[in-house]
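Listed here are the chains, written in short residue letters.
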Amino acid sequence: MDNCVFCGIAAGTIPSKKVYEDDKIVAFHDLNPQAPVHVLFVPKQHICCADKITEDNCDVVAHIFCTIPKVAAELGLTDGYRIVNNCGEHGCQTVKHLHFHLLGGTQLRGSMV
Ligand code: AMP
Ligand code: ZN
């Protein structure tokens, strides 16, 4: 999608520090890290947010969640981590392309649940 920063990163037209890529997804370091390790997992297909996950596109979400443990191990997150998705206005989503934050590398605080 035009004017979507994560579509640009997926296409390679916008630079990023990638830690994983295959034909369906890409993972890269967040520009503004909130933890020692802060990586974003993004489907290459433009899905605007978690609210638009459907039976037709949910395979890529499962694929992201299968890939996270492998990347987390490569990044040394042996003591756990947090996966976060912000959805829509009330969820404070700022980039309108579905992504999952992987945060770790320290004892995290402030869980909301
Ligand atoms: P969210 O608030 O859940 O939409 O998160 C968007 C995240 O994308 C924020 O943590 C930003 O720091 C990050 N971000 C925005 N632009 C870029 C970029 N070009 N490369 C890497 N991370 C980015
Ligand atoms: Zn996009």
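Residues numbered from 1 in each chain as written. Chains lettered and ligands numbered in written order. Predicted model: local features only at pLDDT ≥ 70, side-chain atom pairs only at ≥ 80, totals over all residues. Heavy atoms only, no water.

### Focus on the coordination of the zinc ion (ligand 2)
Protein-derived ligands of the zinc ion (ligand 2) are Cys 4 (SG), Cys 7 (SG), His 46 (ND1) and His 97 (ND1), with the metal-ligand distances lying across 2.0 to 2.3 Å. Between the four donor atoms coordinating the zinc ion (ligand 2), the angles at the centre fall across 104 to 115 degrees, so the site counts as tetrahedral. (Donors = N, O, S within 2.8 Å, 3.2 Å for Na, K, Ca; no water. Tetrahedral: all angles 85-135°; square planar, octahedral: opposite > 155°, others 65-115°.)

### Here's the deal with the pairing of strand S1 (residues 18-21)
Pairing analysis gives three bridges linking S1 to strand S2 (residues 25-29), with the strands arranged antiparallel. Within the sheet, the bridge partner assigned to Lys 18 lies in S2 and is Phe 28. Counting the residues in the hairpin turn of S1 and S2 gives three residues. (Pairing = 2+ DSSP bridges. Helix = DSSP H or I, 4+ residues; strand = E, 2+ residues; numbered from the N terminus.)

### What about the site of ligand 1?
Neighbouring residues of ligand 1: 16 residues in total, closest Asp 30, Asn 86, Thr 94, His 99 and His 101. Taking Asn 86, its side chain carries an N or O atom lying 2.9 Å from an oxygen atom of ligand 1. One nitrogen or oxygen atom from the side chain of His 99 is found 2.9 Å from an oxygen atom belonging to ligand 1. For ligand 1, whose unbound accessible area comes to 510 Å², protein coverage reaches 83%. Assessed atom by atom at 2 Å from the grid points, ligand 1 resides in the largest pocket. Of all the secondary-structure elements, those providing two or more residues to the shell around ligand 1 are helix H1 (5-11) and S2. Among the elements that take part in the shell around ligand 1, H1 stands out by supplying three residues, more than any other. (Near = heavy atom within 4 Å. Polar contact = N/O pair within 3.5 Å; in protein donor to acceptor, adjacent residues only side chain to side chain. Areas by Shrake-Rupley, 256 points an atom, 1.4 Å probe, with all protein chains shown as cover. 1 Å grid on protein atoms, 1.4 Å probe; cavity = no way out; pocket = protein on both sides within 12 Å on 5 of 7 lines; lining within 4 Å. Sits in = over half its atoms within 2 Å of the grid points.)

### With respect to the nonpolar core
If you look at the biggest cluster of nonpolar residues, it comprises 16 residues, and the most contacted ones within it are Val 39, Phe 41, Ile 64, Phe 100 and Leu 102. Of all the secondary structure elements, the ones that give two or more residues to this core are S2, strand S3 (37-43), helix H2 (59-74) and strand S5 (100-104). Looking at this core, the element that brings in the most residues is H2, giving six residues. Judged by nonpolar contacts, the second largest core, of nine residues, contains Phe 6, Cys 7, Ile 9 and Val 26. (Core = buried A, V, L, I, M, F, W, Y, C linked by side-chain atoms within 4.5 Å. Buried < 20%, exposed > 50% of the residue type's maximum accessible area, 1.4 Å probe, protein only.)

### Considerations on the environment of Ala 72
The topology assignment puts Ala 72 in helix H2. A relative accessible area of 1% means that Ala 72 is categorised as buried. Measuring from C-alpha to C-alpha, the distance between Ala 72 and Val 42 comes to 15 Å, with 30 residues separating the pair along the chain. In contact with Ala 72, other than residues within four places in its own chain, are Leu 77, Tyr 81 and Leu 102. (Contact = heavy atoms within 4.5 Å.)

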